[in-house]
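A closer look at the structure
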Amino acid sequence: MFDSDSVLNIRLTGKVSEFFNDRKDDALYHPLLMTYQKNDTTVHIPLKAKTRGNFRRRKENCTFPPILLNFTKNLVHGTLFEQADKVKLVCPCRGENFVVREYLVYKLYNLLTTQSFKARLARVTFEDTERNKEITFYGILLEEDDQMAKRNQSILIHRLNTHGESIETASFLRMAMFQYLIGNTDWSTEYFQNTRLIAFDSLSIPSVVPYDFDHSGLVSAPYAYPAEELALSSVRERRYRGYCIPDMRRLDEVIALYNSRKKDLYSLYSNCTLLDSKYIRATLQYFDEFYGTINDPKKLKTAFMYPCNKNVPNIVIRGLGKN
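Residues numbered from 1 in each chain as written. Predicted model: local features only at pLDDT ≥ 70, side-chain atom pairs only at ≥ 80, totals over all residues. Heavy atoms only, no water.

Quick look at the overall build of the chain now. Summing up its helical and strand segments, the chain has eight helices and 10 strands in all. For the chain, the C-alpha radius of gyration of 20 Å lies close to 20 Å, the compact-globule estimate for 323 residues. A principal-axis box enclosing the C-alpha atoms of the chain has dimensions of 60 × 50 × 35 Å. Evaluated residue by residue, the chain yields a buried proportion of 54% over its 323 residues. Residue pairs at least 24 apart in sequence account for 66% of intrachain contacts in the chain once pairs closer than 6 positions are excluded. Summing over all exposed atoms, the chain offers an accessible surface of approximately 15800 Å²; the carbon and sulfur share of this is 48%. Measuring between centres, the 45 positive side-chain charges of the chain sit 2 Å from its 38 negative side-chain charges. (Helix = DSSP H or I, 4+ residues; strand = E, 2+ residues; numbered from the N terminus. Rg over C-alpha atoms; globule rule 2.2 N^0.38 Å. Buried < 20%, exposed > 50% of the residue type's maximum accessible area, 1.4 Å probe, protein only. Contact = heavy atoms within 4.5 Å. Areas by Shrake-Rupley, 256 points an atom, 1.4 Å probe, with all protein chains shown as cover. Lys, Arg positive; Asp, Glu negative; His and termini not counted. Charge placed at Lys NZ, Arg CZ, Asp CG, Glu CD.)

On to the state of the cysteines. Taken as a whole, this structure holds two disulfides when the rule is applied. The side chain of Cys62 participates in a disulfide bridge whose partner is Cys93; the two sulfur atoms lie 1.9 Å from each other. On the S-S bond that ties Cys62 to Cys93, the torsion sits near -80°, and the link is left-handed. Separated by 31 residues along the polypeptide, Cys62 in the loop between strand 3 (41–51) and strand 4 (67–70) and Cys93 in the loop between strand 5 (86–90) and helix 2 (96–110) bring together distant segments of the chain. (Disulfide = S-S within 2.5 Å.)

Below, the discussion takes up the nonpolar core. Core analysis: the largest hydrophobic core is formed by 71 residues, its most contacted members being Phe178, Tyr258 and Phe304. When neighbours within four sequence positions are excluded, Tyr258 is seen to be in contact with Tyr109, Leu112, Arg174, Met177, Phe178, Leu181, Leu265, Phe290, Tyr291 and Ile294. One finds Met34, Ile45, Ala49 and Phe71 within the second-largest nonpolar core, a separate group that totals 30 residues. (Core = buried A, V, L, I, M, F, W, Y, C linked by side-chain atoms within 4.5 Å.)

Strand order in the open sheet formed by three strands is 8-9-10, with antiparallel pairing between adjacent strands. The sheet is open, and its two edges are formed by strand 8 (155–157) and strand 10 (207–210), each paired on a single side. Each adjacent strand pair in this sheet contributes to an overall mean axis angle of 45°, direction not counted. Inspection of the sheet shows strand 8 paired to strand 9 (residues 195–199) by three bridges, in the antiparallel sense. The residue bridging Ile155 from the neighbouring strand is Ala199, located in strand 9. (Pairing = 2+ DSSP bridges. Axes fitted to C-alpha atoms, helices over the stretch in contact; angles between N-to-C directions.)

With that settled, the discussion passes to empty space enclosed by the protein. One pass over the structure, following the stated rule, counts two cavities of 30 Å³ or more. Taken as a whole, the largest cavity spans an internal volume of roughly 60 Å³. Of the residues contributing to the lining of the largest cavity, the split by class is seven nonpolar, one polar and four charged. Of the voids in this model, the second largest cavity is the one considered here, and its volume is about 40 Å³. (1 Å grid on protein atoms, 1.4 Å probe; cavity = no way out; pocket = protein on both sides within 12 Å on 5 of 7 lines; lining within 4 Å. Points joined across faces, edges and corners; volume = space filled by probe spheres on them. Nonpolar A, V, L, I, M, F, W, Y, C, P; charged D, E, K, R; others polar.)

What follows deals with the sheet that holds strand 3. Read around the closed barrel, seven strands run 1-2-3-4-5-7-6, paired in mixed fashion. Sheet twist, expressed as the average angle between the axes of neighbouring strands with direction ignored, equals 40°. Pairing geometry for strand 4 and strand 5, over four bridges, is antiparallel. Note that in strand 5 the partner of Leu69 across the bridge is Val87. Seen against the sheet, helix 2 touches strand 5, strand 6 (119–128) and strand 7 (133–142) and runs at an angle of roughly 20° to strand 7.

It is the contact of helix 5 (residues 252–260) with helix 7 (residues 277–294), at a shortest axis distance of 11 Å, that shows an interaxial angle of 145°. With respect to the hand of their crossing, helix 5 and helix 7 are arranged in left-handed fashion. For the pair formed by helix 5 and helix 7, the contact residues are Ile255, Tyr258 and Asn259 on the first element and Phe290, Tyr291 and Ile294 on the second. A class-by-class count of the residues in the contact of helix 5 with helix 7 yields five nonpolar, one polar and no charged. (Left-handed = near helix turned anticlockwise from the far one by under 90°.)

Here the focus is the environment of Leu274. Counting through the fold element by element, Leu274 comes out in the loop between helix 6 (262–270) and helix 7. Overall, Leu274 belongs to the partly exposed group, its relative accessible area being 39%. The contacts of Leu274, once residues within four sequence positions are left out, are Val100, Leu121 and Tyr138.

Moving on, we come to the pattern of salt bridges. This structure, assessed with the given rule, holds 13 salt bridges. Of the charged contacts, one joins Arg11 and Glu134 as a salt bridge, the two residues approaching to 2.9 Å between their closest N and O atoms. With Arg11 in strand 1 (residues 8–14) and Glu134 in strand 7, the pair connects residues that are 123 residues apart, well separated along the chain. Assessed through its relative accessible area of 27%, Arg11 is described here as partly exposed. Across the pair Arg196 and Asp145 runs a salt bridge, and its minimum N-O distance is 2.8 Å. Within this pair, whereas Arg196 is found in strand 9, its partner Asp145 is found in helix 3 (residues 145–151), the two being separated by 51 residues in sequence. Like Asp145, Arg196 is buried. One connected set of salt bridges, linked through shared partners, spans Arg56, Glu102, Asp212 and Asp214. (Salt bridge = Lys/Arg side-chain N within 4 Å of Asp/Glu carboxyl O.)

This is the structure we're talking about:
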């Protein structure tokens, strides 16, 4: 499913209104039928699905909730979903253009490391059998946690209160600089807030893998605001959220990585036909500001020594609106 960058067209049929309205914490699974075209053949996959998530599941926040697609293994042989078990589907919260933007953030991190979640952009049609109506929008199908870990010859690590300094250095700095690049402060390793930990075994030093980027400045979703305690004017204002690094030379390797991938990062956006020209220009300028910072010793020190300042609070993002 993730071997192609083409948009996957799928149809999900069932009691869609009933399904979308079930947004309780203990939401139930609802039966749906997925169909998609494979050459001249229509593939049919019965499945069950339920709403998921926290912020985006609430009706007052989002038009459509995120979804968990639960597949039955003996019903997916020979299909694109042959390896699937429980697949996350990200739906539009307030406009499908923000879905496309978030999808590209996943692709952006894929360019930097294999320790990242794969994503597939889908054109999803929901057909409501009770109301004889349908709606179509862009969505994101996300690689499952355990499959991402397995692809990296690793296992998932569930260890709360894992401080950044306890994570493999190259992995953490690469991730933390990426969050700075995209203008995202909505993450923490201590509480698994939009991060996952993987390691070769339970005794190895873990690496960190980020996900869920809708609160980033690069996406600029209308509902996205930085934590009040961070005193930022908007999500477009960057803040390095890693640990204190007194010696800036420790960043040389990760800066070299970002410089070596610069052309590819820019091309991902400049060559994308799903984005409007105004957003592309703004994004490339946002990248210019990032590269202007990491390649200027004075600006780099100002931005990345922020955690060393004893006069600012160490805010840990717990999620669910708590900090």
